[in-house]
Amino acid sequence: MQGCRDSDEPGCESLNCDPVPRAHPSPTSTLLTCSCGSDFCNANFSHLPPSGNQGAPGPQDPQPTTGGPIWMALLLLGMFLVLLLGSIILALLQRKTCGVYGGSDPEPALGEDCSEELPELAELCFSQVLQKRRVIQEGGHAVVWAGRLQGEMVAIKAFPPRAVAQFRAERAVYQLLGLQHNHIVRFITAGQGGPGPLPSGPLLVLELYPKGSLCHYLTQYTSDWGSSLRMALSLAEGLAFLHEERWQDGQYKPGIAHRDLSSQNVLIREDRSCAIGDLGLALVLPGLARPAASAPTQPQGPAAILEAGTQRYMAPELLDKTLDLQDWGTALQRADVYSLALLLWEILSRCSDLRPDRRPPPFQLAYEAELGSDPSACELWALAVEERRRPNIPSTWSCSATDAGALRELLEDCWDADPEARLTAECVQQRLAALAYPQVASSFPESHPKACIPLCPESCPSAPASATVPCRPQQGSCHLSVQQATGSMSPQPVSTSVCV
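## Here we look at the overall build of the chain
- Each helix and strand counted, the chain has 11 helices and 17 strands in total.
- Entry remark: accessible area of the chain is about 26,800 Å², with carbon and sulfur atoms responsible for 54%.

As C-alpha cells, this is what we get:
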C-alpha cells in the first residue's frame, strides 16, 4: 500500500523507498514496508525478489511501475466511451422504429406499436370547419369541424399526428366516469380519420352546439337580466361540478381543474345556457375517496402544474409563478374561479338591463379595453399583478331587477388578488342563484344585503328556512339547493338551507 504519514516519525530520512521486512503473517509470507522523506518518493519502489529468494531486493534490480495507474485509467476511459456510444446507437434505433414526423421530432404513428389502435369511424362525414385552436406549443393545431355521425350532427375535433399526447390527455378526462352534466360538453366517441386529402389523425367526436362559443354569442347578441343571470348561473354550475369530488350511482368522479377557462372554450346550448369544453389542459385533482386507477396520470413536477392556457384569463399567481404548490389542487381551483369572474364580467357587460339606455357597448374581452386584443404576458403581469387592476365595473350597472352592489361584490370576491380570499365555484353558484331567484332571499333580516351576504355567520340560529346565505371558503357554510327540471330555463326554485 502507498500513502503519506507525518514526516517527524523515525525512519523517513531515506530519499528512496527501500523495502524492509517488518512482520511474518504466515510461514510463506513477509510484510515489508518502506519509508522515505522526499516528494512522491514512495512511487518509486522495487518489487520483491523472485519466489525462493528471501533476500531483500537489491538496488541493482529495480522495476518501476509508475505507468500502471495511467494504463488502468486509459482502459476504464475506453470502456466508458464504448458504453456511451452503444447507448447513443440504441436510442437512435428506437427513435427510428417509432417513426419521425416532419423530419425532426419523433412521432407516434397511429396503429403501430407506439400508439394504441383507434377505430376508423366509417360513417363520420366532415362538412364545415368551425374553428382552429392551438393545442401544442410547437405550432400544431386541432381543427374543429361540423359533421354527421349516424345521422346526428356532431362536432369533430381533429388533431394532427404530432398532437397525439394532447389528444390522449383530453380524451382521458372526457372518458372519466360520472362526468356527464348538462353544462359540460358531451363526449360521444374517439377514433381516427380525416376529411378528404388531409392525413388521418386522432379525432374527438363531441356534441355540436350550433350557437358557437360564448365569445361568438356575446359578440352577436345582447341579453336581458334574466337571460344573463341564467347564462352566468349555468357556467358556475358547470365549473362547480368539475371541481367537485363525488360518488353518484356507484360511480366516482374526481375533482377536476379546467386551467383554460375562456370565452372561446365555453359553448352556448340551444336554451342559451353554457357548456364548458376544451379539457385538453384539465388536471384531475388529488382526492380523499379516489379509488386506484380511476383517473388519468397526475402531473409530474411544478412545470406541469404551472402550465396553463389562455394568458388573458390566467390568475395573477400563474402569471408570476407563485401558485401554492404545496396544495396545488386547491390552488388550481382558485385560479379557475378567477377566470370564471372574468367570464361573468363579459356576460354582464352585454346585459341590456344593466344600462340606462338598454344599449350595451360592443363586446370586449376581459382587459381588452386596457390592453387591446393581443396583450403580452408582460403587459398582463404589470396590470393584473403589479397594479392589481381588474376590468372596469361601470357605475351604470344598476336597475330595478337587481342590486348592483351584490354584482360588484361577487366579482371582487372572485378575482381577489389573494387566492385564499376568493369564493369557491359552489359559493359563486349559490350567490348567482340568490340573484336569479330573489324570492328565495327575500326573507333576510334588514341588516343584511338583500341578495347575498358576504360572510356566512358562525351560527345561523335566526336564518329563515327558505333563506340562502352564500359564503366564503373556510367559513361556516349555508348550502342552497335549487331544483330545476331538465331543459327548463324558467324553473320554480325549491330551496333548502343547512347551516354548519
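Once the structure has been displayed, the description carries forward.
## Side note on the environment of valine 143
- Tracing the chain through its elements places valine 143 in strand β6 (residues 141-149).
- On a C-alpha basis, the gap between valine 143 and isoleucine 156 in space is 8.0 Å, while along the polypeptide they are 13 residues apart.

## Regarding helix α9 (residues 377-386)
- Residues Leu380, Leu383, Ala384 and Val385 constitute the buried set of α9. Seen from one end, α9 has its buried residues packed into an arc of 165°, which puts them on one side. Looking at α9, the residues exposed on the side facing more than 90 degrees away from the buried face are Cys378 and Glu386.
- For α9, the secondary structure elements touched by its buried residues are α6 (316-319), α7 (328-348) and α8 (368-371).

## Overview of the side chain of asparagine 265
- Mapping asparagine 265 onto the fold places it in the loop between β12 (256-257) and β13 (266-268).
- Given the relative accessible area of 2%, asparagine 265 is considered buried.
- Side-chain polar atoms of asparagine 265 contact the backbone oxygen of aspartate 260, separated by 2.7 Å.

## A short note on the pattern of salt bridges
- Applying the stated criterion across every chain yields a total of nine salt bridges.
- A salt bridge links arginine 358 to aspartate 353, with the nearest nitrogen and oxygen atoms 2.2 Å apart.
- Classification of aspartate 353 as buried rests on a relative accessible area of 18%.
- One network of salt bridges, with partners in common, ties together Glu152, Arg186 and Glu207.

## Regarding the packing of aromatic side chains
- In this structure the tally under the stated criterion is five aromatic pairs.
- Aromatic pair tyrosine 174 and phenylalanine 187: ring centres 5.8 Å apart, planes at 15°, arrangement stacked. Of this pair, tyrosine 174 sits in helix α2 (residues 164-174) while phenylalanine 187 sits in strand β8 (residues 187-193); the two residues are 13 residues apart in sequence, bridging distant segments of the chain. For the pair shown, tyrosine 174 and phenylalanine 187 are each scored as buried.
- Between tryptophan 247 and tyrosine 252, the ring centres sit 5.2 Å apart and the planes meet at 50°, which makes this aromatic pair tilted.
- By relative accessible area, tyrosine 252 is classed as buried at 6%.
- It is lysine 253 that lies over the ring of phenylalanine 241; its NZ or CZ is 5.1 Å from the centre.

## What about the packing of α7 against helix α11 (residues 425-436)?
- Packing of α7 against α11 leaves a shortest axis separation of 10 Å and a crossing angle of 30°. Between α7 and α11, the angle falls in the class roughly parallel. Considering how the two elements wind past one another, α7 and α11 form a crossing that is right-handed. Here Val337, Leu340 and Leu344 of α7 come into contact with α11, specifically with Ala425, Val428 and Leu432.
- Looking at the contact of α7 with α11 residue by residue, the classes come out as six nonpolar, no polar and no charged.

## Regarding the state of the cysteines
- With the rule as written, the count across this model stands at zero disulfides.
- In this structure cysteine 414 is a free cysteine whose sulfur lies 9.4 Å from that of cysteine 427, the closest cysteine sulfur available.

## Considering a negative patch on the surface
- Together, Asp324, Asp327, Asp418 and Glu420 make up a negatively charged patch on the protein surface.
- Here aspartate 418 is to be found in the loop between α10 (404-414) and α11.
- With relative accessibility at 39%, the residue aspartate 418 sits in the partly exposed group.

## A few points about the nonpolar core
- By size, the foremost hydrophobic cluster in this structure holds 93 residues, and its most contacted members are Val428 and Leu432.
- Per-element tally for this core: the top contributor is α7, with 14 residues.
- Once you skip the residues sitting within four places of it in the chain, leucine 432 turns out to touch Leu229, Ala232, Leu233, Ala236, Leu344 and Leu410.
- Counting residues in each nonpolar core, the second largest holds 10 residues, with Val154, Ala158, Leu203 and Val205 among its members.

## Here we look at the pairing of strand β7 (residues 152-158)
- Most of β7 is tucked away: five of the seven residues are buried.
- Where β7 and strand β9 (residues 201-207) come together, five bridges link them in antiparallel fashion. Residue pairing in the sheet places valine 154 in a bridge with glutamate 207 of β9.

## A few points about the environment of leucine 435
- Locating leucine 435 in the fold gives a position in helix α11.
- When the C-alpha atoms of leucine 435 and alanine 406 are compared, they prove to be 8.3 Å apart, with 29 residues separating the residues in sequence.

## Focus: the confidence of the model for the chain
- On average, residues of the chain score 75 in pLDDT, and 67% of them reach the 70 mark or higher.
- Every residue in residues 53-65 is under pLDDT 50, and counting partners more than four places away or in other chains gives 10 contacts.
- Every residue in residues 134-139 is under pLDDT 50, and counting partners more than four places away or in other chains gives 13 contacts.

## Re a nonpolar patch on the surface
- Together, Ile70, Trp71, Leu74, Leu77, Phe80, Leu81, Leu84, Ile88 and Leu92 make up an exposed nonpolar region whose accessible area comes to about 970 Å².
- Within the element layout of this structure, leucine 92 appears in helix α1 (residues 68-98).
- Judged by its relative accessible area of 53%, leucine 92 is exposed.

Procedures and definitions
Residues numbered from 1 in each chain as written. Predicted model: local features only at pLDDT ≥ 70, side-chain atom pairs only at ≥ 80, totals over all residues. Heavy atoms only, no water. Helix = DSSP H or I, 4+ residues; strand = E, 2+ residues; numbered from the N terminus. Areas by Shrake-Rupley, 256 points an atom, 1.4 Å probe, with all protein chains shown as cover. Buried < 20%, exposed > 50% of the residue type's maximum accessible area, 1.4 Å probe, protein only. Arc of directions from axis to C-beta. Contact = heavy atoms within 4.5 Å. Polar contact = N/O pair within 3.5 Å; in protein donor to acceptor, adjacent residues only side chain to side chain. Salt bridge = Lys/Arg side-chain N within 4 Å of Asp/Glu carboxyl O. Phe/Tyr/Trp six-rings, centres within 6.5 Å; stacked < 30°, edge-to-face > 60°. Lys NZ or Arg CZ within 6 Å of the ring centre and 35° of its normal. Axes fitted to C-alpha atoms, helices over the stretch in contact; angles between N-to-C directions. Parallel < 35°, antiparallel > 145°, perpendicular 65-115°, else oblique. Left-handed = near helix turned anticlockwise from the far one by under 90°. Nonpolar A, V, L, I, M, F, W, Y, C, P; charged D, E, K, R; others polar. Disulfide = S-S within 2.5 Å. Patch = residues over 30% accessible without salt bridge, like charges linked within 9 Å, V, L, I, M, F, W, Y side chains within 5 Å. Lys, Arg positive; Asp, Glu negative; His and termini not counted. Charge placed at Lys NZ, Arg CZ, Asp CG, Glu CD. Core = buried A, V, L, I, M, F, W, Y, C linked by side-chain atoms within 4.5 Å. Pairing = 2+ DSSP bridges. pLDDT = per-residue confidence, 0-100.

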